[in-house]
Amino acid sequence: MTEAVLYSLSGNVAVLTVNNPPVNALGQAVRQGLIEGLARANTDAAAQAVVIVGGGRTFIAGADIREFGKPPQAPDLNSVLTAIEASPKPVVAAIHGTALGGGLEVALSCHWRAAVPTAQVGLPEVKLGILPGAGGTQRLPRLVGPQMALEMITSGNPIAAKKALEVGVVDHVADGDVTAVGVAFAAQVVAEKRPLALVSQRNEKVTGVDPALFEAFRKGMEKKAKGFFSPWRCVDAVEAACTLPFAEGLKRERELFMQCMESPQRAAQIHAFFSEREAGKIPGLPADVQPKAIKSAAVLGAGTMGGGIAMNFANAGIPVKILEVSQEALSRGLGVIEKNYATSVQRGSMKQEAMDRALKLISGTQRYEDIGDADIVVEAVFEEMGVKKEVFKKLDAIMKPGAVLATNTSTLDIDEIAAATKRPQDVIGTHFFSPANVMKLLENVRGKASSPETIATVMQLGKTLRKVAVLAGNCDGFIGNRMLAGYLREANFLLEEGASPQQVDNALEAFGLAMGPFRMSDLAGLDVGWRIRKGKAHLRPQDERYSAVADQLCEQGRFGQKTGAGFYKYEGRNAIPDPVVEEIILASAKAQGIQRRAISDEEIVQRCMYPLVNEGALILEEGIAIRSSDIDITYLFGYGFPVYRGGPMFWAEQIGLDKVLATIREFHKVHGKAWTPAPLLVRSAEAGKGWPKG
Ligand code: 3HC
Ligand code: NAI
C-alpha cells in the first residue's frame, strides 16, 4: 500500500483513508492506493464491506490539477472507478468537508454514499474550463435527473449534505465522526444484505427525456456562458447520458473532456485558480508574522465606497462604525446601505434575518472619539490629499495603539498619507472596487513603512471579507488603475481615428470584457475623470496627443447614465448611439488633422489591450506587482477581464510575447512614445520566454 491511502479495520468494515493533505487530491499515489486498498479489502476475510473516507479536513477535492498537461501516469482515475464498481463487497463513501470533481466521481461509483451534515458535494470542473471526466456527467443525471445535473455541472456550485440527501446524491446523512458514520452505515448495509447498488445501471431518470429540455437549457445559459467553451460541452455530455447507453456515454464524455483539456481556456482557468491562491503568499514576510485580530472596524465617509466597505465588514459579522462630517451625509449613506440590503432580500440573494443581523452591526457617528477603539479604520473620504492628511492626523491622535489605519485612495501617495501620522508602520492602502459590497478584488497597497504585521493583517482581511487580496506597491494608480490609463487613452484615440463608441465597446465585449470602456465610463460617471484631468492638465506635455472628446461631452453636461447621456444617450439603462457624439468625434478628429479610416475589431482589441500588457511589464519590473499572475488576478477580479483568457499577462503569453512585442513595435512607429516597448517585455520576448517567475 502507498502511504497516500491507509488501510485499517473497524469491526467487519475495511476503512481506506485517503492521506494526501491538504485536500486529498487524486494524485497518482492516491489512485494506486485506492486500487491496492480495494484489492486488499476484497481478500481480507475479516472485511465484509469497505468505506472510503478522507483523512484530515476533507473528503477528496478532485483530480490533482497540478498533473494536468503532464504525461498521464497509470492507473488513471477511470480504472479506480471500475475497480470500485467491480468490488464484490459493498463500498461506501463517507463524506465530510467537500467531495468535489473527481472526488464526487469516486463517491458516485461507490455503492452508497454517507455524509455528515456539514459536508458539501459538487462537480466544479467547469470553473477550471473542463467537465467532469470520470463519469460524473453520466452518473449524476442517473441519480438526480438531467435538469438538476445540468444545473450542478454547468454552475460548478456545490450543494450541502441536506440537499444532496433530498435530491438523491447521497443516501444517508448523520452527525458524528465521519469514519464512524460511514462504518455504521456500511455495517447496516451488510446486516440488511442489501444488493449492491450501481449508479451506472440506473436508467429510469435518463430514459424518455424530452430533447427540448437541453435546447431550453442552452438558451437559458447564453448570457452567463458567453465566450466560455466548457459549459456548452457539459450540456452535450449530460445530453449524451440521456441518449446513449452508459458505456457509450462515457466514451462521449471522454471525447468532450479531451476537447476541453486541449482548449486554451483550460490552461487560462487553471492559471486563474492557482494564481488566486498564489496572490496570498507574500515573499519576504517573516514566517512567524501574525495578522492582527480584526474584531471591530470603522469607516470614514459614507459615500459610494464607504457604504459598500462598511457592508463588507457587517456581512463578515464585524461591527463597524461609520464616521461622517454631517448628519445629513450620514443619514443618506446609511439609507443607501439599507436600500442595498433590501434589494438583495427582494432579489432573493439574501435572507431578511441576514439583513437584520448586518444592519445591527452598522452604526453611524460624527465624533472621532467614538471610533478610537476599532481594530482597523478604513478611510474613504474625498480623493484630495489635503483632506486625507487632515483625517489621518486626527486618526493618529485618537486611534488605539496598533490599530490599522487604512486608506481606500485610488491614486494618492500612501507614503505621503502615512507621513501625516507618527505611526506610518500601521498605515496601508486597502483599495476596494466599486460596488465595494460586490466586487471581489481587494488591492492592498504597501507603503515604504508599512510593517509586515500590517501587511499580513490586510491580506488576511481579504479572506475574512471573502475577497481576493493582491498586494501592490505604491505608485500612481497602483496596479489596476495605472494599467487602465493606457487602455482608456487608446479607446478614445480610436474614436478619432474612425471607430464609434459602440464599435469599440462591442469589440471588447466580444473579447470577453463584462463591459466596454464607453459603456463603463458612462456608468461610472464621466465627471469624475474630467475633474481629475482638469486638475492635472498643467502637467500634460504640449506635444502629447490628447483626445478632448470626453471633456467636450462633460462641457455639455453629459456625465453618463446619471444625466441620461454621455458617450451614448440613455433610455433607462439602454445605451443608444447618439449623432451628437459622432459630431463631436468628427470635429475633434478634424481639428487634429486625423484622417479617419475603417478600423478592424482586431486592431481595437490590440490597441486597447496591449497597453495593459506593456504597462504590466513595467509594473512587474518595478516590483509594484510581486508576480505577473498578481496582475492577472487584479484584472480578473477588479476589472471584469474574462477568466477564460487568464488575465492580461497570461493572455499575452498565450499569444506569444514575441508576437505581442512585434505589434507594439508597429504601434510605436505609427503612434509614438506612449507605445515604447517595456524593457522587460523586450527581454522576455527576445529570450523566447514568458514573464519571469517568482
Ligand atoms: N489539485 C491540486 N491541488 C489542489 C487541488 C486540486 N484539485 N485543490 C486544492 N489544491 C491545493 C491548492 O492549490 C492549495 O495549495 P497551496 O496551499 O500550495 O496554495 C491547497 O490545495 C489548499 O487549497 P485552498 O487554499 O483552496 O484551500 P481551501 O480550504 O480554501 O479550499 C477546496 C479547499 C474547496 C477543495 C478548494 O481548494 C477547491 O475548490 N479546489 C478545487 C476543487 C476542484 O476544482 N476539483 C475538481 C478538480 S478537476 C477534476 O476532478 C477532474 C475530474 O473530473 C476528472
Ligand atoms: P464619495 O464622494 O461618494 O464619498 C465621500 C464621502 O466622504 C462623502 O459622503 C463625504 O461627506 C465624506 N467625507 C468627506 N470628508 C470627510 C471627512 N473629513 N470625514 C468624514 N467623511 C468625510 O466618494 P467615493 O466615491 O466613495 O470615494 C471615496 C474614496 O474612495 C476616494 O478616495 C476615492 O478615490 C476612492 N475610491 C473610489 C472608487 C469609486 O469607484 N467611486 C473606487 C475605489 C476607490
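Above this text sits the structure in question.
Computed from a prediction, not measured in an experiment: that's the story for all the values here. (Residues numbered from 1 in each chain as written. Chains lettered and ligands numbered in written order. Predicted model: local features only at pLDDT ≥ 70, side-chain atom pairs only at ≥ 80, totals over all residues. Heavy atoms only, no water.)

As a matter of local geometry, ligand 2 sits amid 20 residues, with M305, E324, E383, K388 and S410 nearest to it. The separation between an oxygen atom of ligand 2 and a polar main-chain atom of V381 is 3.4 Å. Taking 830 Å² as the accessible area of ligand 2 by itself, protein coverage stands at 79%. At the level of secondary structure, the elements contributing two or more residues to the shell around ligand 2 comprise α12 (304-315), α15 (385-398) and β15 (427-432). Of the residues belonging to the shell around ligand 2, the class tally is nine nonpolar, eight polar and three charged. (Near = heavy atom within 4 Å. Polar contact = N/O pair within 3.5 Å; in protein donor to acceptor, adjacent residues only side chain to side chain. Areas by Shrake-Rupley, 256 points an atom, 1.4 Å probe, with all protein chains shown as cover. Helix = DSSP H or I, 4+ residues; strand = E, 2+ residues; numbered from the N terminus. Nonpolar A, V, L, I, M, F, W, Y, C, P; charged D, E, K, R; others polar.)

This paragraph deals with the site of ligand 1. Not every one of the 25 residues close to ligand 1 is listed here, only the nearest: R57, E105, E125, R277 and K281. One of the backbone N or O atoms of A61 is found 2.9 Å from a nitrogen atom in ligand 1. Within the side chain of K281, a nitrogen or oxygen atom sits 2.7 Å from an oxygen atom of ligand 1. When the free accessible area of ligand 1 is taken as 990 Å², the share hidden by the protein chains comes to 75%. Counting only elements with at least two residues in the shell around ligand 1, the list comes to α3 (102-109) and α11 (264-278). The element best represented in the shell around ligand 1 is α11, accounting for three residues. By residue class, the composition of the shell around ligand 1 is 14 nonpolar, four polar and seven charged.

Their axes nearest at 9 Å, the elements helix α19 (residues 501-511) and helix α24 (residues 601-621) cross at an angle of 80°. When the axis of α19 is compared with that of α24, the two are roughly perpendicular. Residues Q503, V504, A507, L508 and F511 of α19 form the contact with α24, whose own contacting residues are D601, I604, V605, C608 and M609. Split by residue class, the contact of α19 with α24 holds eight nonpolar, one polar and one charged. (Axes fitted to C-alpha atoms, helices over the stretch in contact; angles between N-to-C directions. Parallel < 35°, antiparallel > 145°, perpendicular 65-115°, else oblique. Contact = heavy atoms within 4.5 Å.)

A few words now on unusual backbone geometry. Glycine aside, negative phi is the norm for most residues, and most peptide bonds take the trans geometry. With an omega dihedral of -5°, the bond running from A74 to P75 counts as a cis peptide bond. With respect to the helices and strands, the residue P75 is situated in the loop between β3 (49-54) and α2 (77-86). With an omega of -5°, the peptide bond running from S434 to P435 counts as cis. Relative to the helices and strands, P435 resides in the loop between β15 and β16 (441-445). Look at K193: it is not a glycine, yet its phi comes out positive at around 55°. With respect to the element layout, K193 can be found in the loop between α7 (178-191) and α8 (212-220). For R466, which is not a glycine, the phi torsion comes out positive at approximately 55°. Among the structural elements, R466 can be located in the loop between α17 (452-464) and β17 (468-472).

With that settled, consider the nonpolar core. One finds L34, I52, I84, I95, L140 and V169 to be the most contacted residues of the largest nonpolar core, which totals 86 residues. When residues in this core are grouped by element, the largest group, seven residues, is from α7. Excluding residues that lie within four positions of it along the chain, I52 makes contacts with L16, V18, L34, F59, I84, V91, V92, A93, A94, V106 and C110. Counting residues in each nonpolar core, the second largest holds 72 residues, with Y568, I584, M649 and V660 among its members. (Core = buried A, V, L, I, M, F, W, Y, C linked by side-chain atoms within 4.5 Å. Buried < 20%, exposed > 50% of the residue type's maximum accessible area, 1.4 Å probe, protein only.)

Attention shifts here to the pairing of strand β13 (residues 376-379). Burial along β13 is two-sided: I376 and V378 and V377 and E379, pointing in opposite directions, are all buried. One ladder, built from four bridges, connects strand β10 (residues 297-300) with β13; its direction is parallel. Bridge pairing in β13 places L300 opposite E379. Taken together, the four bridges between β13 and strand β14 (residues 404-407) define a ladder with parallel strand orientation. The partner of I376 across the bridge, within β14, is V404. Between the parallel elements β13 and β14, the chain passes through α15 in a crossover that is right-handed. (Pairing = 2+ DSSP bridges. Right-handed = clockwise from strand over helix to strand, strands pointing away.)

Here we take up the side chain of T457. In this fold, T457 is placed in helix α17. Sequence-distant contacts of T457, defined by excluding residues within four places in its chain, comprise P291, K292, I294 and V404.

Of all the residues in α2, the buried ones are L77, V80, L81, I84 and E85. Projected down its long axis, α2 carries its buried residues within an arc of 135°, all on one side. In this structure, α2 carries T82 and A86 as exposed residues pointing more than 90 degrees from its buried face. Those residues of α2 that are buried are in contact with α1 (28-43), β3, β4 (91-95), α3 and α4 (136-144). (Arc of directions from axis to C-beta.)

Moving on to the sheet that holds strand β1 (residues 5-10). Taken in spatial order, the six strands of this open sheet run β1-β2-β3-β4-β6-β9, and their pairing is mixed. The sheet is open, and its two borders are formed by β1 and β9 (172-173), each paired with just one other strand. Pairing analysis gives four bridges linking β4 to strand β6 (residues 112-115), with the strands arranged parallel. For A94, the partnering residue across the bridge sits in β6 and is A114.

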